[in-house]
Amino acid sequence: MRGRRALIAALVLLVGACGAKAGSEGRAARKLSPEGLAKVSDYIRNEIVTGKIPGAILLLQQHGKPIYYENFGVRDVATEMSMSADTIFRLYSMSKPITSVMAMMLVEEGKLALDDPVSKYIPAFAGMKVGVEKKAEDGKVSLALEPLARPVTIKDLLRHTSGLPYGYHGGGMVRELYAEANLFQSNLGNADFVAKIATLPLVEQPGTVWDYGFSTDVLGRVVEVVSGKTLLQFEKERLLGPLGMTETAFFVADPDKFPRIAEPMPEDRNINPTTQVRDIRRPVKWESGGGGMVGTIGDYARFVQMLLNGGSYEGRRYLKPETIALMASDHIGPETKIARDQNYYPGENSGFGLGFAVRTSVPPGTSWPLGEYRWDGVGGTFFFIDPEDDLFGIFMVQTPSQRGRIQLALKTLIYQAMGR
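Rules behind the numbers
Residues numbered from 1 in each chain as written. Predicted model: local features only at pLDDT ≥ 70, side-chain atom pairs only at ≥ 80, totals over all residues. Heavy atoms only, no water. Helix = DSSP H or I, 4+ residues; strand = E, 2+ residues; numbered from the N terminus. Rg over C-alpha atoms; globule rule 2.2 N^0.38 Å. Buried < 20%, exposed > 50% of the residue type's maximum accessible area, 1.4 Å probe, protein only. Areas by Shrake-Rupley, 256 points an atom, 1.4 Å probe, with all protein chains shown as cover. Expected span 1.5 Å × (residues − 1). Arc of directions from axis to C-beta. Contact = heavy atoms within 4.5 Å. Phe/Tyr/Trp six-rings, centres within 6.5 Å; stacked < 30°, edge-to-face > 60°. Pairing = 2+ DSSP bridges.

A. Quick peek at the overall build of the protein chain. What the protein chain contains, in helices and strands, is 11 helices and 18 strands. Against the 2.2 N^0.38 benchmark of 22 Å for 420 residues, the protein chain shows a C-alpha radius of gyration of 21 Å, consistent with a compact globule. With the C-alpha coordinates aligned to their principal axes, the bounding extent of the protein chain is approximately 65 × 45 × 45 Å. Taking all 420 residues of the protein chain together, 55% fall into the buried category. For the protein chain, the accessible area works out to roughly 17100 Å², and carbon and sulfur atoms hold 54% of it.

B. Region of the structure containing helix 2 (residues 34-49). Helix length check: helix 2 (16 residues) gives 22 Å between terminal C-alpha atoms against 22 Å at 1.5 Å per residue, within 8%. Buried residues of helix 2: Gly36, Leu37, Val40, Ser41, Tyr43, Ile44 and Glu47, and no others. Looking down the long axis of helix 2, one finds its buried residues gathered within 155° of arc, a one-sided arrangement. Exposed side of helix 2, more than 90 degrees from the buried face: Pro34, Glu35, Lys39 and Val49 are the residues found there. On its buried side, helix 2 packs onto strand 1 (55-62), strand 2 (65-76), strand 18 (391-396) and helix 11 (403-417). Positive backbone phi, approximately 80°, marks Gly51, located one or two places after helix 2.

C. Just the packing of aromatic side chains, in detail. Within this structure, the stated rule accounts for 21 aromatic pairs. Summarising the aromatic geometry, the rings of Tyr212 and Trp375 are spaced 5.5 Å apart at their centres and angled 65° between planes, so their arrangement reads as edge-to-face. Taken as a pair, Tyr212 in the loop between strand 7 (209-210) and helix 7 (215-227) and Trp375 in strand 16 (residues 373-376) lie far apart in primary sequence, 163 residues in all. Overall, the relative accessible area of 10% leaves Tyr212 in the buried class. On the basis of relative accessibility, which here comes to 3%, the residue Trp375 falls in the buried class. Relative to Trp375, the ring of Phe352 has its centre 5.3 Å away and its plane inclined at 80°; by these criteria the two rings are edge-to-face. Here the residue Phe352 occupies a position in strand 14 (residues 350-352), and Trp375 occupies one in strand 16, the gap between them amounting to 23 residues. Just as Phe352 is buried, Trp375 falls in that class too.

D. Representation of the pairing of strand 6 (residues 141-147) within the structure. Sheet analysis places strand 5 (residues 129-135) next to strand 6, joined by 7 bridges and oriented antiparallel. Following the sheet pairing, Lys129 is matched in strand 6 by Pro147. Counting the residues that bridge the hairpin from strand 5 to strand 6 gives 5 residues, and of these Gly139 lies at a positive phi of roughly 90°.

Take a look at the structure:
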């Protein structure tokens, strides 16, 4: 039965994810060489043989059709069940683009505006302050609370310029407060989560610094307020259901699906020193728009193909092409005077749009395409969209510790296979 189910899932992936944009086959685009793709496969197999990861899945799709798809290794070394198309992964921050799309649907409908203050939908945000460290003459440092120079806006939430950080110890007094609030472990519903976060200070003035944090979780609550539905209800109604993303949710509710969950190596379960990868078999109240979703590669392929198609898939439009173009444009460029935090994850060759990193310059020694947009998850998954070549890639793996190294190596090999 397992083998039959995996075969069906693979067919659904390979046939169902083919909503190509009209006429894209005629576009001039680079092709991936068989020799280059063989090096990609060899690299992933070596990661498994050397005990870095249990297994993985890689999909590369061009002109709406899979040009490379392969399952590697096992879902979980404890069960030794083979990796397959119906394997369920923790998506973590690959949830953010989905939440961002939901928000932009409401923007298109005129129910939400990018320049709206968040306080219009979450009144507690009107009273937020910025935490500023002050050093006294005796050398003691204290935290002063200063008023906002301007309100936090919806656009700030989408581009991570809200001043809402992720908390961690040793990152300054405001980040310490976020770490002590233990927000990741609180399992509050979205309304209560946002009420709690509104009691904390911002780490910077809104619109001044790209600072990765809870912005998209707050955006998820805004979506709830505007839509009048829970985040998952609205997602199912407007995106997940119509796209056929039937395996995408905030936890795995059906015990019969538990064996399909991918797990990292036993010694590779720490997201950070105090947080392990989440047990997605346990129900949760928190529908985290910033990092809570789980899903399969086939589900995410439908979502990514819709983006690459300019907002449509299999004859149904989800967003306008100009909205996708706006989301995939840099919104923190030099003209904005927005600074970048010390952990600027997009990297020196990229800016950030409304939900994605966006490549704005070519890395030295490469011809990687400008305008490529992408994001990843702390559990190891990543995707990229290359409009110039009408191509996208999705890599599914669970490895908190190896993710950055593997992502860079794989992206390099994939683009080398294209002669880039």
